[in-house]
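As a plain string of letters, each chain reads:
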Amino acid sequence: MVITIQIISEKVDIFQTVKQIPFPDVQQAFNGQQTYRSKIICPFHNERSPSFHVYEDSYYCFGCSEHGDSITFVAKLEDLKPLEAARLIAVRFNLPVDRIPTAEEQRRFNEQQRNRNISQYCINMLLIFLFFT
Ligand SMILES: [Zn+2]
């Protein structure tokens, strides 16, 4: 998949960048389910027949009413803040993220990382180390 990104200024808005990825691709990358007739089994509640509708830029579950876009999907799935989720998506799709986090974002991010369980912590830190340093 090739994504063309218009870099308007030096500060690329990571949210805008990530939203250029079609939601089905994000779902596939993070949840791994094959979409069948635009539906999958909802990852947020227990069900046998799929009621989670996958759209090009969003999702809606008719079973539990969960809805949103790629960022809310990954945030909920991975228990992350929206900015962290956006960064994780950008990393997974090799998008250029040249926006340096503010000191406050970095501080909060570090704080949350510390509170997270150790395996998740290691994975995230490794990703950050690999892609953001
Ligand atoms: Zn659901």
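Keep in mind that this is a model prediction, so the values were computed, not measured. (Residues numbered from 1 in each chain as written. Predicted model: local features only at pLDDT ≥ 70, side-chain atom pairs only at ≥ 80, totals over all residues.)

(A) Fine view of the confidence of the model for the protein chain. Taken residue by residue, the protein chain gives an average pLDDT of 83. The fraction at 70 or more is 77%. This stretch, residues 6–11, has a pLDDT under 50; its non-local contacts, to residues over four places away or in other chains, come to 2 contacts. (pLDDT = per-residue confidence, 0-100. Contact = placed C-beta atoms within 7 Å.)

(B) Expanded view of the environment of E47. Counting through the fold element by element, E47 comes out in the loop between β1 (39–40) and β2 (52–54). Sequence separation between E47 and G63 is 16 residues; the distance between their C-alpha atoms is 8.0 Å. Dropping the residues within four chain positions of it, E47 is found in contact with I41, C42 and G63. (Helix = DSSP H or I, 4+ residues; strand = E, 2+ residues; numbered from the N terminus.)

(C) Just helix α3 (residues 70–78), in detail. Residues of α3 that are buried: S70, I71, F73, V74 and A75. Buried-residue contacts for α3 involve α1 (14–18), α2 (23–31), β3 (59–61), β4 (67–68) and α4 (82–92). In the segment just after α3, D79 is the residue with positive phi, at about 55°. (Buried ≥ 20, exposed ≤ 12 C-beta atoms within 10 Å, placed from the backbone.)

(D) Here's a closer look at the sheet that holds β1. Across the sheet, which stays open at both edges, the 4 strands sit in the order β1-β2-β3-β4 with antiparallel pairing between neighbours. Lying at the two open borders of the sheet, with one neighbouring strand each, are β1 and β4. Pairing geometry for β3 and β4, over 2 bridges, is antiparallel. Pairing of Y59 across the sheet is with G68, part of β4. (Pairing = 2+ DSSP bridges.)

(E) Focus on the packing of α2 against α3. For the pair α2 and α3, the least separation of the axes is 10 Å and the interaxial angle reads 15°. In terms of axis orientation, α2 runs roughly parallel to α3. Judged by the sense of rotation from one axis to the other, the crossing of α2 with α3 is right-handed. Every residue of α3 that contacts α2 at F23, V26, Q27, F30 and N31 is listed here: S70, F73, V74 and L77. Split by residue class, the contact of α2 with α3 holds 6 nonpolar, 3 polar and no charged. (Axes fitted to C-alpha atoms, helices over the stretch in contact; angles between N-to-C directions. Parallel < 35°, antiparallel > 145°, perpendicular 65-115°, else oblique. Left-handed = near helix turned anticlockwise from the far one by under 90°. Nonpolar A, V, L, I, M, F, W, Y, C, P; charged D, E, K, R; others polar.)

(F) Geometry of the nonpolar core. Among the nonpolar cores identified, the biggest contains 19 residues, and V18, F52, I71, V74, A85, A86 and I89 are the most heavily contacted of them. Sorting the residues of this core by element identifies α1, β2, β3, α3 and α4 as the ones contributing at least two each. Sequence-distant contacts of V18, that is, excluding residues within four places in its chain, are made with S70, I71, A86, I89, A90 and L95. (Core = buried A, V, L, I, M, F, W, Y, C linked by C-beta atoms within 7 Å.)

(G) Structural context of the environment of V97. Mapped onto the elements of the fold, V97 is located in the loop between α4 and α5 (103–115). According to the C-beta neighbour criterion, V97 is partly exposed, with 18 such atoms within 10 Å. For V97, the residues in contact, after removing those within four places along its chain, are I14, R87 and A90.

(H) Summary view of the packing of α3 against α4. Axis separation between α3 and α4 bottoms out at 8 Å; the angle between their running directions is 100°. Relative to α4, the element α3 lies roughly perpendicular. Here α3 contributes S70, I71, V74, A75 and E78 to the contact with α4, which in turn contributes P82, A85, A86, L88 and I89. Tallied by class, the residues present in the contact of α3 with α4 amount to 8 nonpolar, 1 polar and 1 charged.

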